[in-house]
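Summary of the model geometry
As a plain string of letters, each chain reads:
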Amino acid sequence: MKIKYLSLALLNIMCFSAIAAESNSLNTDNSFFKDSKFEFSTRNHWKYLKENASQPKEVHSAWGQALTFNYKSGYWLDILGFDVTYDNVIKLGASDYFATRNLLYNDGKKADKHNAHGFNKFTQRYAKVKLGNKEINFNGKAGWHSLKDMGVISSSQHLTRNSYLGYSGTLKYSNLALSLAYIDSTLPRESAKKVHFYSLDRKHVIDNIKTAEIAYKDEVIKLDYSYGVAKDYINRHAIEFSYKPIEKLTFGSQIYGSTALKNHDKMKANVRDFDDSAWHYAADVEWKEADWSAKFGIAYTDANRKGAIGYYGRHIGKNNRGRYNGMAAAGADYMRDGEVVLSSVLGYDFFKDNTTGLYLNYGEFNYKHETLKNGEINVFNIWKPTSGTFKNLSILSKFGYGWSYKTMSSKDITPKLRDGHAQRSPTLSAETVIDYRFNLL
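Everything numeric in this text was worked out from a predicted model, so none of it was measured. (Residues numbered from 1 in each chain as written. Predicted model: local features only at pLDDT ≥ 70, side-chain atom pairs only at ≥ 80, totals over all residues. Heavy atoms only, no water.)

**As for the overall build of the protein chain**
Looking only at helices and strands, one finds three helices and 26 strands in the protein chain. Overall size of the protein chain, expressed as C-alpha extent along the three principal axes, is 80 × 50 × 50 Å. Long-range contacts, defined here as pairs at least 24 residues apart, represent 59% of the contacts in the protein chain between residues at least 6 apart. Carbon and sulfur atoms provide 58% of the accessible area of the protein chain, an area that totals close to 22800 Å². The protein chain carries 60 positive and 46 negative side-chain charges, and their two centres are separated by 5 Å. (Helix = DSSP H or I, 4+ residues; strand = E, 2+ residues; numbered from the N terminus. Contact = heavy atoms within 4.5 Å. Areas by Shrake-Rupley, 256 points an atom, 1.4 Å probe, with all protein chains shown as cover. Lys, Arg positive; Asp, Glu negative; His and termini not counted. Charge placed at Lys NZ, Arg CZ, Asp CG, Glu CD.)

**Some remarks on unusual backbone geometry**
For Asn-102, which is not glycine, the phi dihedral falls at a positive 55°. On the secondary structure map, Asn-102 appears in the loop between β3 (80-94) and β4 (105-106). Even without glycine at this site, Asp-149 takes up a positive phi of about 55°. Position of Asp-149 relative to the elements: it lies in the loop between β7 (136-145) and β8 (153-154).

**Notes on the environment of Thr-160**
One can find Thr-160 in the loop between β8 and β9 (163-173). Along the primary structure Thr-160 and Lys-121 are separated by 39 residues, whereas in three dimensions their C-alpha atoms are 9.6 Å apart. In this structure, Thr-160 is in contact with Asp-87, Val-89, Phe-119, Lys-121, Pro-188 and Arg-189, ignoring residues within four places of it in sequence.

**Here we look at the environment of Tyr-362**
Structurally, Tyr-362 is set in strand β21 (residues 354-367). The class for Tyr-362 is partly exposed, based on a relative accessible area of 29%. Sequence separation between Tyr-362 and Ser-343 is 19 residues, and the spatial gap between their C-alpha atoms is 6.6 Å. Each residue touching Tyr-362, except ones within four places of it in the same chain, is listed here: Val-340, Val-341, Leu-342, Lys-373, Asn-374, Gly-375 and Trp-403. Within the structure, Tyr-362 has its side chain in polar contact with the side chain of Glu-364 (distance 2.7 Å). (Buried < 20%, exposed > 50% of the residue type's maximum accessible area, 1.4 Å probe, protein only. Polar contact = N/O pair within 3.5 Å; in protein donor to acceptor, adjacent residues only side chain to side chain.)

**Remarks on the pattern of salt bridges**
Inspection of every chain in the model, using the stated rule, returns 14 salt bridges. We note a salt bridge from Arg-437 to Glu-39, for which the minimum N-O separation is 3.4 Å. Of this pair, Arg-437 sits in strand β26 (residues 424-439) while Glu-39 sits in strand β1 (residues 37-51), and the two are 398 residues apart along the sequence. Overall, the relative accessible area of 33% leaves Arg-437 in the partly exposed class. Overall, Glu-39 belongs to the partly exposed group, its relative accessible area being 24%. Among the salt bridges present, the one from Glu-431 reaches Lys-398, with a minimum N-O distance of 3.5 Å. (Salt bridge = Lys/Arg side-chain N within 4 Å of Asp/Glu carboxyl O.)

**Description of the nonpolar core**
Core analysis: the largest hydrophobic core is formed by 33 residues, its most contacted members being Leu-147, Ile-153, Ile-183 and Ile-209. Residue assignment for this core shows that the elements contributing at least two residues are β10 (176-187), β15 (234-246), β16 (249-260) and β17 (277-288). Sequence-distant contacts of Ile-183, that is, excluding residues within four places in its chain, are made with Leu-147, Ile-153, Tyr-164, Leu-165, Gly-166, Phe-197, Asn-208 and Ile-209. One finds Val-89, Leu-103, Leu-104 and Phe-119 within the second-largest nonpolar core, a separate group that totals nine residues. (Core = buried A, V, L, I, M, F, W, Y, C linked by side-chain atoms within 4.5 Å.)

**Here's the deal with the confidence of the model for the protein chain**
Per-residue pLDDT for the protein chain averages 92, and the proportion of residues at 70 or more is 93%. Contacts from residues 1-28, a stretch scored under 50 in pLDDT, to residues over four places away or in other chains number 27 contacts. (pLDDT = per-residue confidence, 0-100.)

**Observations concerning the pairing of β9**
Examined bridge by bridge, β7 and β9 share ten bridges and lie antiparallel to one another. Within the sheet, the bridge partner assigned to Phe-138 lies in β9 and is Leu-171. Direction of pairing for β9 relative to β10: antiparallel, over a ladder of eleven bridges. Across the sheet, residue Tyr-173 finds its bridge partner in β10, namely Leu-176. Counting the residues in the hairpin turn of β9 and β10 gives two residues, including Ser-174, whose phi is positive at 55°. (Pairing = 2+ DSSP bridges.)

**Comments concerning a positive patch on the surface**
Taken together, Lys-210, Lys-231, Lys-262 and Lys-266 make up a surface patch of like positive charges. Along the polypeptide, Lys-266 turns up in the loop between α3 (262-265) and β17. The exposure class assigned to Lys-266 is exposed, which follows from its relative accessible area of 55%. (Patch = residues over 30% accessible without salt bridge, like charges linked within 9 Å, V, L, I, M, F, W, Y side chains within 5 Å.)

**Quick look at the pairing of strand β23 (residues 393-405)**
Across nine bridges, strand β22 (residues 370-383) lies against β23 in antiparallel orientation. Residue pairing in the sheet places Asn-378 in a bridge with Gly-400 of β23. Examined bridge by bridge, β23 and β26 share 13 bridges and lie antiparallel to one another. Bridge pairing links Gly-400 to Ser-429 in β26.

And the structure:
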């Protein structure tokens, strides 16, 4: 079946390529074919985590290979076009707790490595439209498509990207941009199965998510405000700001907030992340030189939950990815109620096209008259040639050690106390990502 779908996809692309060649010989102004692009890329991704926060020590590991075919048409009459992305994922390895790595399809309910499978899907298939000129223009999409920081919604990539069914569009005038989006279903990044959005307890379907964004951008300042509503569940706010007084220096700040609606209030207290509202405040500063860079950040979370530790959840319920560009999102999100976190990313180019660095986080908060401390140290290396034979190759590798505390469960981050004291919980993590891209058309 996989070979059948792949063959059909390739046949369609070959047909369009043949038509494009014929069309160009007849009409050199036909930008629909002339501007078409066909790209084939591969991704090999392995993720590993050893931890004992909510259970005895376990290994969470998954390894897969993705093959991606991406076709982007030009615009017919300089107005209409369409894009298609096909992904095929092959399972290479898995441990019992593979599902937490979000790489392979979990065909079961128990933590069993035999439930790990590859999958294939048309991740994106949408019509696109553009109107206007360089001064004022509109770009829109309708169908299954990924949304990277569109309002309060975003997409992230592991072996594949998650995509959403719906509509989105951006109207630009000079340095201003207004964006709108409406989505009601998703294809998760680790699955080919269409699913709806759900509350954290999975008892309430979130019928749709609507979002709007207004942004200003010039060479010095970027300012963005987004607002979204997950129907009957959560209102979401996101403010992102950066200021670049000189080329090497950038100041940044982010504010993210969630307020509860009626279906959120219906969930049991031990399931939800917060009671009425959750807010996360962050600021950072970055300095960049030709061969090194340093970025430092501080953040604070206010997310009250009666009788337990509250939390600012980045995502809007289940099966979507919420917009978040702060430094507190690391191996373990540092967004607990009352938590202050210090973060830094240090990178140095020991030789051309290769960056080696450290990613450091330290956070602490108070719980029942005790100060809980947690953090992590990650070493990373990125090799991404900009010229030569391997200019379309990139290799990321990282590993790290972390320390935290034992929790009530995998879904409740409240500390599990013994004789009134928290219990230490160390972690060991590693990851590799190898990407290669071929431009076929």
